[in-house]
Amino acid sequence: MEITFAVLLWGVRILFLVLLYLFLIRVFSSLQRALATENTIAARPTGLAHLVVQRTVRGAFRVGDRLPLRAVNGLGRDAGNDIVINDEAASAKHALVEFADGEWWVEDAGSTNGTVVNGEVVRSRERLQYGDELAIGRVALRLEQ
Amino acid sequence: MIHAQAAVPLGRGRFTELSLLIWVATLAITGFVAVLATETSSFRPTAVVVPAVFLALMLSLHVFLVGIRFRGDQILLPIAAGLTAIGLVLVQRLASDLLLQQLSWSIIAAGAFAATIVVPRDLTALARFKWTWALLGLLLLIAPLLPVIGREINGARIWIKVGPGSIEPWEAVKILLVIFFAAYLEEYREVLSHAQRRIGPFPVPPVPYLVPIVAMWGIAMLVMVFEKDMGATVLFFGIFLAMLFLATGEAFYAIIGLGLLILGGIVAYQLFGHVQARVDTWLRPFDEDLRFGTGYQLVQGLYALANGGLIGVGLGNGMPDRIPIVWSDFVFDAFAEEAGLAGAIALLALYLVFLYRSPASRFPSLPTAARRL
C-alpha cells in the first residue's frame with residue numbers, strides 16, 4: 001500500500017514535468033502556425049486594394065494616382081512610411097491602414113491634425129469600407145479594390 | 001463587406017486557445033495533486049478544488065473572447081494562464097495561507113483583462129494627461145519614504161501600508177512612467193534627435209529638453225540610495241534609456257545615460273553601506289564573512305538550484321524551508337529545486353514566448369509600442 005502510494009506520487013511528479021514540456025511544445029507549434037499565417041498575409045504582394053488620390057497638394061501625389069496597399073500600411077510624412085504623404089499638415093507617423101479579419105481598418109497614430117473618414121474624425125480604430133474617403137492633412141484618398 | 005468576410009472563413013472559434021488551455025488544466029491539476037499528496041501522504045479529491053476554480057475562470061475568459069468574436073492573439077492567454085497556474089501551485093507549496101489571496105488577485109486580473117477589451121480605448125488620453133501620469137508616478141515612487149505610510153521590510157523601503165496589508169507601489173510606477181516617457185518622447189522626439197548644435201560627434205539638444213532626462217537620472221539615484229532597491233533603479237533607468245534610444249535613434253544618449261548610471265553606482269558604493277553589501281553579496285556570496293550573513297539567502301538559493309539537478313527532486317519533495325524568505329523572493333529557486341533544470345528552462349521559455357508574442361515587440365514604432373503596452 002505504502003509502496004503503491006510512493007510510486008503513484010512519483011508518477012504524478014514526473015507527469016507534471018512531462019505535461020509542462022508538452023504544453024511548451026504545443027505553445028511553440030501554435031506560435032509557429034500563427035507566425036506562418038501572419039507572414040503569408042504580410043508578404044502578400046501589394047494590390048490587396050488601392051487608395052486612389054482624390055485631393056492633393058503640391059509636391060505630394062497627383063489626383064487619380066492609385067497607391068497599392070499591403071496588409072499593414074503606415075501613412076505619414078516620414079520617409080519610413082509605406083505611403084509617404086508629403087504634406088506639412090500630415091504628421092510624421094499619421095495613421096495606420098490595415099487588413100485584418102477580412103476587413104480594412106484605419107487607426108490614427110496620434111497625429112496632430114487627426115485622421116478623417118467621410119468627414120468624421122477617427123477616434124481610435126475604425127472600419128473602412130470600399131468607397132470611403134480618408135483625409136490626412138490636405139490629402140484625400142479613396143479606398144478602392 | 002459581406003463578401004470580404006467570406007474571404008476569410010477561418011477564425012470563428014478560438015480552437016488554438018481552447019486546446020492550449022486544456023494543457024494548462026492538466027498541468028495545474030497534476031501540480032496541485034503532487035504538492036498536496038506529498039503534504040498529506042494521500043491522494044484526496046480536495047486537491048482539485050483550487051485548480052478547478054482557476055480553470056473555470058480561464059475558461060470563462062475564453063468563452064468571453066469567443067462570445068465577443070475577439071480576433072486577436074490566441075497564445076497569450078494560455079501562456080499567462082499556464083504561468084499563473086504554476087504560480088498557484090507554488091503558493092500552495094510555499095505559503096498556502098496566501099492561496100486565497102492569490103486566487104482573488106487572479107480573479108481581479110481576469111476582470112481587468114476583460115475590461116481592457118470591452119472599454120473603448122481612447123488611448124490619446126494617455127498622451128494628453130502625460131504630466132498627470134508623471135506626477136502620480138513620482139508620488140507613488142516617493143510614497144514609501146514618507147513617515148506614516150512608508151514601510152521598511154528586510155532593509156528595503158519599497159512598500160506602503162494600505163489597510164491591513166502593504167503594497168509595492170513600484171509595480172504601478174513602472175507602467176505610469178512608461179506611458180509618460182512615451183508621450184513625452186513622442187512630442188519632443190524631433191527636437192531631441194535633430195539637435196541643431198553638435199560638439200564633435202555628439203548632438204547637443206536645447207537645454208530645456210535635457211532637464212527631464214537629468215531629472216530621471218536624479219530620481220533613479222534617489223530610489224537607489226533611499227529606498228535601497230537596486231533592481232528598481234536599474235530597471236527604471238534602463239527602461240528610460242531604452243525608450244530614449246528608440247525615440248531618438250541617438251546611441252549617444254544611451255551611452256551617456258549608462259555612464260551616468262555607472263558613475264552614480266560607483267559613488268553610491270563608496271558612500272553607502274547597503275549598496276556595498278548588495279554588490280559584495282552578488283560578487284562573493286560564499287565568502288566567510290557573508291556566507292551566514294547578508295549572503296545567506298543567496299547561498300541557500302544556489303544550493304537549492306544545485307539540489308534540483310536535471311529533473312528536480314519532485315514537486316513537494318524539496319527543502320524550500322532552507323531558504324529564509326523563499327515565498328516572496330526566491331520562488332524560482334524553490335521551483336527549480338523541485339522541477340529541476342528541465343522545469344526551470346521550460347518556465348523561462350514560456351516567459352520568453354510571452355514576451356516575444358506581446359504586441360509591443362511586433363510594433364516597433366514607439367508611440368504604437370508604448371500605447372499597446
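It should be emphasised that the depicted structure is a prediction, and the values quoted were computed from it without experimental measurement.

What counts, and at which threshold
Residues numbered from 1 in each chain as written. Chains lettered and ligands numbered in written order. Predicted model: local features only at pLDDT ≥ 70, side-chain atom pairs only at ≥ 80, totals over all residues. Heavy atoms only, no water. Buried < 20%, exposed > 50% of the residue type's maximum accessible area, 1.4 Å probe, protein only. Helix = DSSP H or I, 4+ residues; strand = E, 2+ residues; numbered from the N terminus. Contact = heavy atoms within 4.5 Å. Expected span 1.5 Å × (residues − 1). Arc of directions from axis to C-beta. Salt bridge = Lys/Arg side-chain N within 4 Å of Asp/Glu carboxyl O. Pairing = 2+ DSSP bridges. Axes fitted to C-alpha atoms, helices over the stretch in contact; angles between N-to-C directions. Parallel < 35°, antiparallel > 145°, perpendicular 65-115°, else oblique. Nonpolar A, V, L, I, M, F, W, Y, C, P; charged D, E, K, R; others polar.

Draft legend 1. Summary view of helix H12 (residues 273-283) of chain B. Here H12(B) has its buried residues at Val275(B), Asp280(B) and Thr281(B). Buried residues in H12(B) make contact with helix H10 (230-248), helix H11 (251-271), helix H13 (288-291) and helix H14 (296-308) of chain B.

Draft legend 2. Up close: helix H3 (residues 49-67) of chain B. Residues and elements named next belong to chain B. An ideal rise of 1.5 Å per residue puts 27 Å on 19 residues; H3 measures up with 26 Å between its terminal C-alpha atoms. Residues of H3 that are buried include every one of Val50, Pro51, Phe54, Leu55, Leu57, Met58, Leu61, His62 and Leu65, and no others. Looking straight down H3, one finds its buried side chains confined to an arc of 150°; they lie on one side. Residues Val63 and Gly67 are exposed on H3 and point more than 90 degrees away from its buried face. Turning to H3, the residues buried within the fold contact helix H2 (15-40), helix H4 (76-94) and helix H5 (99-118). Phi turns positive, to about 55°, at Arg69, one or two residues after H3.

Draft legend 3. Inspection of the pattern of salt bridges at higher detail. Residues and elements named next belong to chain B. For the structure shown, the criterion picks out 15 salt bridges over all chains. Asp289 is the salt-bridge partner of Arg284, the closest N and O atoms lying 3.6 Å from each other. Given the relative accessible area of 31%, Arg284 is considered partly exposed. Through salt bridges with shared partners, one network takes in Asp280, Arg284, Asp287 and Asp289.

Draft legend 4. Spotlight on the pairing of strand S6 (residues 103-108) of chain A. Residue and element names in this part refer to chain A. Among the six residues that make up S6, six are buried, leaving the element largely enclosed by the rest of the structure. Where burial is concerned, the two faces of S6 agree: the one with Glu103, Trp105 and Glu107 and the one with Trp104, Val106 and Asp108 are both buried. Here strand S5 (residues 95-100) pairs with S6 via six bridges, running antiparallel. Counted as the bridge partner of Phe99 is Trp104 from S6.

Draft legend 5. Inspection of the packing of H3(B) against H5(B) at higher detail. All names here are of chain B. Contact geometry for H3 and H5: axes closest at 11 Å, N-to-C directions at 0°. The angle between the axes of H3 and H5 places the two elements in the roughly parallel class. Residues Val50, Val53, Phe54, Leu57, Leu61, Phe64 and Leu65 of H3 form the contact with H5, whose own contacting residues are Leu99, Leu103, Ser106, Ile107, Ala110, Phe113, Ala114, Ile117 and Val118. For the contact of H3 with H5, a count of residues per class yields 15 nonpolar, one polar and no charged.

Draft legend 6. Geometry of the sheet that holds strand S3 (residues 72-76) of chain A. Residue and element names in this part refer to chain A. Spatial ordering of the open sheet is given by S4-S3-S5-S6-S9, a layout of five strands whose pairing is mixed. Among the strands making up the open sheet, the edge pair consists of strand S4 (83-84) and strand S9 (125-128). Taken together, the two bridges between S3 and S4 define a ladder with parallel strand orientation. Residue pairing across strands places Gly76 opposite Val84, the latter belonging to S4.

Draft legend 7. Spatial organisation of unusual backbone geometry. Of note, the phi angle at Asn118(A) is positive, near 50°, even though the residue is not glycine. The residue Asn118(A) is located in the loop between strand S7 (115-117) and strand S8 (120-121) in this model. Positive phi outside glycine occurs at Ser41(B), with the angle close to 60°. As for its position among the elements, Ser41(B) is in the loop between H2 and H3.

So far we have only geometry, and geometry alone does not tell us how the molecule works.
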